[in-house]
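Architecture at a glance
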Amino acid sequence: MVKRILLSIVMLMLIAYLVVAISAFNRKPADQTCRDMELVIKDTAYAGFITKDELKGILQHKGIYPIGKKMERISTKSLERELSKHPLIDEAECYKTPSGKVCVEVTQRIPILRVMSANGENYYLDNKGTVMPPEAKCVAHRVIVTGNVEKSFAMKDLYKFGVFLHNNKFWDAQIEQIHVLSDRSIELVPRVGDHLIYLGKLENFENKLARLKEFYKKGLNQVGWNKYSRINLEFSNQIICTKRE
């Protein structure tokens, strides 16, 4: 009985200590001033559109740049809202630290395809199928899409193919250009090998490219990468090759 009472007292004291410690940690001086802002821009390897100076400029222009302001008067939601308005920012997350610092993490929109359509349209397509503004400047090489590219087709179908390429190291390194024909069938221009790949319709493209990769390993590695001028993947169970004249 005595042991239980002592154990209960110890538990109560531990709980009281934790409550006091947490309260002390979260307590901020009423006049605490923001002394620093940490900016983190994610996905710079694939995007690289946005700079830290640009983000600072946005907040300064809106009059909400946090450094020098009282911490209690800084609204992280306002910071997130203003930064998220930027057309090249996918998401912004802001939070305060007990030491008087504001941290800002920005996720950029990732371009996966560069569309240069026969109708004169020129834009990037991001990994969510959204058209990026023409002023976007991409620092990483992206697959170029040419031909009869309607914007609706690009946003609905082509972007899925672009996501596949972006996430597949082999094909992302191998495919240089996607050409869209008038019937929405697809031709691919590889970086290695002097041949054209006719994919046909985009349906079942993963299976088609898996067969082509196997053909590369067992076929072209034996006879040479320049033996054929055209490789047809249109039909599901065969690969039709046209020899170079």
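The sections below set out a description of the structure shown in this document. Small disclaimer: the values here were computed from a predicted structure and weren't measured. (Residues numbered from 1 in each chain as written. Predicted model: local features only at pLDDT ≥ 70, side-chain atom pairs only at ≥ 80, totals over all residues. Heavy atoms only, no water.)

Notes on the overall build of the protein
A tally of helices and strands in the protein yields six helices and 12 strands. Looking at the protein as a whole, 39% of its 245 residues qualify as buried. For the protein, long-range pairs separated by at least 24 residues make up 56% of all intrachain contacts whose partners lie at least 6 apart in sequence. Taken as a whole, the protein presents about 14,400 Å² of accessible surface, with 54% of it coming from carbon and sulfur. (Helix = DSSP H or I, 4+ residues; strand = E, 2+ residues; numbered from the N terminus. Buried < 20%, exposed > 50% of the residue type's maximum accessible area, 1.4 Å probe, protein only. Contact = heavy atoms within 4.5 Å. Areas by Shrake-Rupley, 256 points an atom, 1.4 Å probe, with all protein chains shown as cover.)

Digging into the layout of surface pockets
Summary: where empty space remains is shown by rolling a probe the size of a single water molecule over the atoms. Counted as a void, the largest pocket has a volume near 170 Å³. For the largest pocket, the full set of lining residues is Phe-153, Asp-157, Lys-160, Arg-184, Lys-201, Leu-202, Glu-203 and Phe-205. Sort the elements by how many residues they give to the lining of the largest pocket and helix 4 (residues 151-167) lands first, with three residues. When the residues that make up the lining of the largest pocket are grouped by side-chain class, the tally is three nonpolar, no polar and five charged. (1 Å grid on protein atoms, 1.4 Å probe; cavity = no way out; pocket = protein on both sides within 12 Å on 5 of 7 lines; lining within 4 Å. Points joined across faces, edges and corners; volume = space filled by probe spheres on them. Nonpolar A, V, L, I, M, F, W, Y, C, P; charged D, E, K, R; others polar.)

A closer look at the nonpolar core
Counting 32 residues, the largest nonpolar core has Leu-158, Phe-161 and Ile-178 as its most contacted members. Beyond its immediate sequence surroundings of up to four residues, Phe-161 is in contact with Ile-178, Leu-188, Leu-199, Leu-202, Phe-205 and Leu-209. Ranked by size, the runner-up nonpolar core spans 23 residues in total, among them Ile-41, Leu-55, Ile-58 and Ala-92. (Core = buried A, V, L, I, M, F, W, Y, C linked by side-chain atoms within 4.5 Å.)

A short note on the environment of Val-40
Residue position: Val-40 is located in strand 1 (residues 36-42). What makes Val-40 partly exposed here is its relative accessible area of 30%. Sequence-wise, Val-40 and Glu-105 are 65 residues apart; in three dimensions their C-alpha atoms are separated by 4.7 Å. With residues near it in sequence (within four places) discarded, Val-40 still touches Val-104, Glu-105 and Val-106.

Regarding unusual backbone geometry
Despite not being glycine, Arg-184 shows a phi value in the positive range, around 70°. Relative to the helices and strands, Arg-184 resides in the loop between strand 8 (175-180) and strand 9 (186-190). Here Arg-184 falls in the partly exposed class, since its relative accessible area comes to 34%.

Structural notes on the packing of aromatic side chains
Taken as a whole and judged by the stated rule, the model has five aromatic pairs. Look at Phe-161 and Phe-205: their rings are 5.0 Å apart centre to centre, the planes differ by 80°, and that puts the pair in the edge-to-face class. Linking Phe-161 in helix 4 with Phe-205 in helix 6 (residues 205-223), this pair joins segments that are 44 residues apart in sequence. The same class applies to Phe-161 and to Phe-205, which are both buried. Residues Trp-171 and Tyr-216 carry aromatic rings whose centres are separated by 6.0 Å and whose planes lie at 40° to one another, so their mutual orientation is tilted. Separated by 45 residues along the polypeptide, Trp-171 in helix 5 (residues 169-174) and Tyr-216 in helix 6 bring together distant segments of the chain. Across the pair, exposure class does not vary: Trp-171 and Tyr-216 are buried alike. Ring-pair connections join several aromatic residues into one group, and the members of that group are Phe-161, Phe-164 and Phe-205. The lysine or arginine in question, Lys-151, covers the ring of Tyr-123, its NZ or CZ lying 5.0 Å from the ring centre. The ring of Phe-170 is capped by Lys-213, whose NZ or CZ atom sits 4.8 Å from the centre of that ring. (Phe/Tyr/Trp six-rings, centres within 6.5 Å; stacked < 30°, edge-to-face > 60°. Lys NZ or Arg CZ within 6 Å of the ring centre and 35° of its normal.)

Observations concerning the side chain of Ser-185
Locating Ser-185 in the fold gives a position in the loop between strand 8 and strand 9. By relative accessible area, Ser-185 is classed as buried at 1%. Polar side-chain contacts of Ser-185 include one of 2.6 Å to the side chain of Asp-183. Non-local contacts of Ser-185, meaning those with residues more than four positions away in its chain, are made with His-179, Val-180, Tyr-198, Gly-200 and Lys-201. (Polar contact = N/O pair within 3.5 Å; in protein donor to acceptor, adjacent residues only side chain to side chain.)

Considering the sheet that holds strand 4 (residues 111-117)
Judged by pairing direction, the sheet is mixed, and its nine strands sit side by side in the order 6-5-4-7-8-9-10-11-12 without closing on themselves. The two strands at the open ends of the sheet, each matched to only one other strand, are strand 6 (131-132) and strand 12 (240-243). In this fold helix 4 packs onto strand 4, strand 5 (122-126), strand 6, strand 7 (143-147), strand 8, strand 9 and strand 10 (196-200), with an angle of close to 135° to the strand it touches most, strand 4. (Pairing = 2+ DSSP bridges. Axes fitted to C-alpha atoms, helices over the stretch in contact; angles between N-to-C directions.)

Keep in mind these values describe shape, not function.
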